[in-house]
Amino acid sequence: MLGNRPATYAETNRDILRVLFKPSPLFILAWLVSVGCLVFGAYHWYRQIFWGLGTDGMNQASFWGTFIVTFVFWVGIGHAGTLISAILFLVRSKWRTGVYRASEAMTVFAVMTALLFPMLHLGRVWQVYWFFPYPNQRQLWVNFKSPLMWDVFAISTYFTVSAVFFFIGLIPDLAIVRDHNTGLIAKVYNVLALGWRGTNRQWRHFMAAYGFFAAFATPLVLSVHSVVSWDFAMATTAGWHSTLFPPYFVAGAIFSGCAMVITLLMPMSYFFGWKKYVNMWHYDALAKMCLLTSAILTYSYATEYFIGWYSQNPYEWEIFQWRATGELAWAFWLMIFCNCIAPLPLYFKKLRHNHIFLFIVTILINVGMWFERFNIVVSSTAHSFDPSMWRAYNPSFNEYAILIGSAGWFFFLFLSFSKTFPSVAMMEIKEMVAPPVRGGHHE
Amino acid sequence: MSAHSIDTNAIIDGMAGRTANKTAGLIGIVGIVLGVVGFALGLLVFKEPSWTWGAYIAGLVFILGIAQGGVIFSVIMTATHARWGRPLKRIAETFGLFLPFGYLALIVLLVVGLKVYPWHPQTWSPNGAVDLAPHSGLAIDTKAMWLDPTFFMLRQLVAVGFLFILDFFYLRGSFGPDLIMAGARLKSKDASWKAPGWWSLLGYKEGADQAAAIASGKKMQGALFPLIGLFYAVVFSLIAFDLVMSLAPWWYSNMFGAWFFASSFWISMAALGITAVLTKRWLGINHLITPNVTLDLGKLILAFCMFWAYTLFAQILPIWYANMPEETDFLLIRMTLGEWSWMSKTVAVMCFVMPFTVLVSRGIKKMEAPFVLILSVILMGVFMERTLLVMPSIWFEHTFPIVLFLCVSLPIFAGFVGGFVLLVSRVLAKVPPIPVSDPELGAHPWDVHVHAYEGDVLPASK
């Protein structure tokens, strides 16, 4: 199923470039809402800096609250972009063409959003440079044995490579934007396009670089969320210490990332009139990815429970029982519903092809994935080995406000991008269109 | 012809005079004889039932993984509509026909050899049965219930049997239309031609409507592939947890099942690569198993090689880091004790270092001899890995019994491999070696032609 393909190169340029620069009232409204959320979150971060971490609901047992939950959530969202752009490129999958540019943008912006949270969680944000190893007058060195430190390297590497890969892929399309503009705008895009002329030599280097970065980024997709999972799995804390965590976290990240791609692209395709470029062919493939990764997550949840039961380790079994029956059971069952049950109807093509149903399921998936991290992060610390340390954790208004602010930041970046750069890769769309010929004949 | 640019009639015509491959037959029979001799030596001469049945478990789980992995390869081709691997699909499916024999071998283990498990009340272990009672008054008593011999036996038979039944119907959906198509063609060329009797088991009906058979076969495969994928993960995890992990009843790793089923699929692809390269001329599909096909298969094998190492590392790292006694002993025995530590290092080299280094090369994946050689190294490496998982849990001597390994373990492994080779070669001699009725056989039209469209015409050059 291919959908209605554009007939010509010119039509592709026209359709994609048409939406740049001139925002509709609806777009302006969406952009203002995202900026509003961002300002709302930023103000509450300011409050937290001013008054201290006491403005949040974290306590002595639950020392990792929604900041770490949301950090893991956004890192997870940042997975699908590289999966779609790099891995599907390497396996020559054709459906990636229409969706990979927006997915890459989503990846870069999601990781930028995630990177805020270690700073938020730090409290004393002005000391964030302590994360990085360098000779200093404090005679201190970062603890390389800490998985949290591995995270710093893993995520910063992932961000760097994803951003470079994203930018390289943009170059030929930036040149097209340049060629369709004049004056200062053309000059800016000329700089961004690095003087691209589309010569054979440039294309040869471009394709070599693109293939190289695709191969380079692929293992990072696996490594970054594996390292994030080790933040938990390395500890002896019951419910965290699990050898299955790395692939289970990676699958969960791809699950939420693919769902987010659908959530973002469906309205974008509708409002920008891009049904030729982003259509049911892509949604169908992404929905199947969600279905597969949902099955992997369900397998992982079941395996964790089985091994917790089989191990006869009282602490392990206690935490798993408590998650399903304790005071946070609502979060657990919400997670099960959203991640394991809600995607099941996608097995049926008719429901998979129903836009509204699919859109709702993708939102449920992302709600479920946030609560999956909530279950992992919060429950194990709130109900750890020593009953005297069992504490309820209730996120404060400040934390919710910052969570909303992070969504505002992400959508602000994404919406701004969609009006400034081509969100569909024109150069790859053209690979599916017959090349223009001189005089109506191939030469 | 449905397939794009592939002359399927010529492929079917090539079946007419094909006889069983003598080399494969010889390898198969010698392997089976070695297996029987090794098994008898272990039980009757060395009188080591633990080691003998341990070797049997290692060989059984190895060969079951290859056989089931073949079905999974076909399932993945169906699910993804991938065209690059279609010429390999039938060979992979033929692996799946070994599953009934694997099931028989599993029954033999469960009925005769269950005492190899240290938790069995009448275990052959010199230390007697392991106490399964909880170590803490807070814990519930689950192991005694889960590792009850009758329950163990029943759940294995039911779960594995259920998966194999699904496989059987799936394979009928794939073989059936091809056999009907091939039968009709061969009969039309030679009226005296008769289909082998066992074809009917795979869905062959003389004179059946080909178009209807293709449609129903496609429907059957489409309906069953998600279920097989799902149950493969569940049942092979159960095999891993029960048949292998429970040999050390107090040790657990929740990655173990996933690691096991992923590596089973990996070795199946390695076996597929070897079989395809070695049989393509005999089967008359040399022009279809091109260097580009082995290149793509090699990339997938390389990816799974990295995945094997990744999942192994992901198990070792948290166990090493947390350093909890109930987890570390399993690793310490294998990684630090005497010859086991050498075996661990050998496994790491054969399963990761060598394949990774070699398969990174694009050229080698296209060269027949080096490709077959490195895939053979992977198969031997994973056999040693399975041995390493099984044996230290049931062999409590301080020295590695090299004589038992050479005279019992290797021959039993050869027996399973021999049986597999014999069956696969016999079947391949009599069935279409590619899925001739598959509409997705051949290159995708997009990859063949680029048609010009009107209306996007540059001015004529002057």
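A quick note: this is a predicted structure, and the numbers were derived from the prediction, not measured.

Scoring rules and cut-offs
Residues numbered from 1 in each chain as written. Chains lettered and ligands numbered in written order. Predicted model: local features only at pLDDT ≥ 70, side-chain atom pairs only at ≥ 80, totals over all residues. Heavy atoms only, no water. Helix = DSSP H or I, 4+ residues; strand = E, 2+ residues; numbered from the N terminus. Rg over C-alpha atoms; globule rule 2.2 N^0.38 Å. Contact = heavy atoms within 4.5 Å. Areas by Shrake-Rupley, 256 points an atom, 1.4 Å probe, with all protein chains shown as cover. Lys, Arg positive; Asp, Glu negative; His and termini not counted. Charge placed at Lys NZ, Arg CZ, Asp CG, Glu CD. Buried < 20%, exposed > 50% of the residue type's maximum accessible area, 1.4 Å probe, protein only. Disulfide = S-S within 2.5 Å. Core = buried A, V, L, I, M, F, W, Y, C linked by side-chain atoms within 4.5 Å. pLDDT = per-residue confidence, 0-100. Phe/Tyr/Trp six-rings, centres within 6.5 Å; stacked < 30°, edge-to-face > 60°. Lys NZ or Arg CZ within 6 Å of the ring centre and 35° of its normal. Axes fitted to C-alpha atoms, helices over the stretch in contact; angles between N-to-C directions. Parallel < 35°, antiparallel > 145°, perpendicular 65-115°, else oblique. Left-handed = near helix turned anticlockwise from the far one by under 90°. Nonpolar A, V, L, I, M, F, W, Y, C, P; charged D, E, K, R; others polar.

1. Describing the overall build of chain A
- A tally of regular secondary structure across chain A gives 16 helices and one strand.
- In terms of overall size, chain A behaves like a compact globule, its C-alpha atoms giving a radius of gyration of 23 Å where 443 residues would be expected to give roughly 22 Å.
- Contacts in chain A between residues at least 24 apart in sequence constitute 81% of all its contacts with a sequence separation of at least 6.
- Surface exposure of chain A reaches about 18300 Å², of which carbon and sulfur atoms provide 70%.
- Of the charged side chains in chain A, 29 are positive and 19 negative, and the gap between their average positions amounts to 12 Å.

2. Some details on the overall build of chain B
- Of the regular secondary structure elements, chain B holds 15 helices and one strand.
- A compact globule built from 462 residues should have a C-alpha radius of gyration of about 23 Å, and chain B, at 24 Å, falls within 12% of that.
- Taking the principal axes of its C-alpha atoms as reference, chain B extends roughly 85 × 65 × 40 Å.
- Counting across all 462 residues of chain B, residues that qualify as buried make up 55%.
- Taking as baseline every contact in chain B between residues at least 6 positions apart, the subset at least 24 positions apart corresponds to 82%.
- Here chain B has roughly 19000 Å² of accessible surface; of this, 70% comes from carbon and sulfur atoms.
- Charged side chains in chain B number 30 positive and 26 negative. The centres of these two groups are separated by 9 Å.

3. What to know about the state of the cysteines
- Following the criterion strictly, the structure yields zero disulfides over all chains and no others.
- Considering cysteine sulfurs only, C305 of chain B is the nearest to C351 of chain B, which forms no disulfide, with 7.9 Å between them.

4. Remarks on the nonpolar core
- F232 of chain A together with Y117 of chain B are the most contacted members of the largest nonpolar core, which totals 287 residues.
- No other element matches helix 3 (residues 49–80) of chain B, which puts 18 residues into this core.
- Apart from the residues lying within four places of it in its own chain, the contact partners of Y117 of chain B are I57, L109, T123, F152, D242, L243, S246 and L247 of chain B.

5. Considering the confidence of the model for chain A
- Per-chain confidence: chain A averages 91 in pLDDT, with 97% of residues scoring 70 or above.
- When mean pLDDT is compared element by element in chain A, helix 12 (residues 329–341) of chain A scores highest at 97, while strand 1 (residues 437–438) of chain A scores lowest at 65.

6. Here's the deal with the environment of M220 of chain B
All names here are of chain B.
- Note on placement: M220 falls in helix 8 (residues 210–244).
- Separated by 47 residues in the primary sequence, M220 and G173 have C-alpha atoms spaced 5.5 Å apart.
- For M220, the contacting residues outside a window of four places in its chain are F169 and G173.

7. Some details on unusual backbone geometry
All names here are of chain B.
- Residue K47 is not a glycine yet carries a positive backbone phi of 55°.
- With a relative accessible area of 60%, K47 lands in the exposed category.
- Of note in the backbone geometry, H81 takes a positive phi value of approximately 55° without being a glycine.
- Relative to the helices and strands, H81 resides in the loop between helix 3 and helix 4 (86–96).

8. A short note on the packing of aromatic side chains
- As enumerated under the stated definition, the model contains 95 aromatic pairs over all chains in all.
- Arranged with centres 5.7 Å apart and planes meeting at 65°, the rings of Y232 of chain B and F261 of chain B form a pair that is edge-to-face. In this pair, Y232 of chain B sits in helix 8 while F261 of chain B sits in helix 9 (residues 256–279), placing the two residues 29 residues apart along the sequence.
- Since its relative accessible area comes to 4%, Y232 of chain B is described here as buried.
- Geometrically, the ring pair formed by W340 of chain B and F400 of chain B is edge-to-face, given 5.1 Å between the ring centres and 90° between the ring planes. Of this pair, W340 of chain B sits in helix 12 (residues 338–359) while F400 of chain B sits in the loop between helix 13 (368–390) and helix 14 (402–428), and the two are 60 residues apart along the sequence. When sorted by exposure, W340 of chain B lands in the same class as F400 of chain B, which is buried.
- Ring pairs connect the aromatic residues F63, W64, F232, W240, F245, Y248, F249 and Y301 of chain A, which therefore count as one cluster.
- The ring of F27 of chain A is capped by K419 of chain A, whose NZ or CZ atom sits 5.1 Å from the centre of that ring.
- In this structure, R155 of chain B is placed above the aromatic ring of F151 of chain B, and the distance from its NZ or CZ to the ring centre is 4.7 Å.

9. Here we look at the packing of helix 8 (residues 200–233) of chain A against helix 9 (residues 245–272) of chain A
All names here are of chain A.
- For the pair helix 8 and helix 9, the least separation of the axes is 8 Å and the interaxial angle reads 120°. Accordingly, the angle class assigned to the pair helix 8 and helix 9 is oblique. Crossing angle aside, the handedness with which helix 8 passes helix 9 is right-handed. The segment helix 8 lies against helix 9, with V221, L222, H225, S226, V228, S229, W230, F232 and A233 engaging F245, P246, F249, V250 and A253.
- Per-class residue counts for the contact of helix 8 with helix 9 are eleven nonpolar, three polar and no charged.

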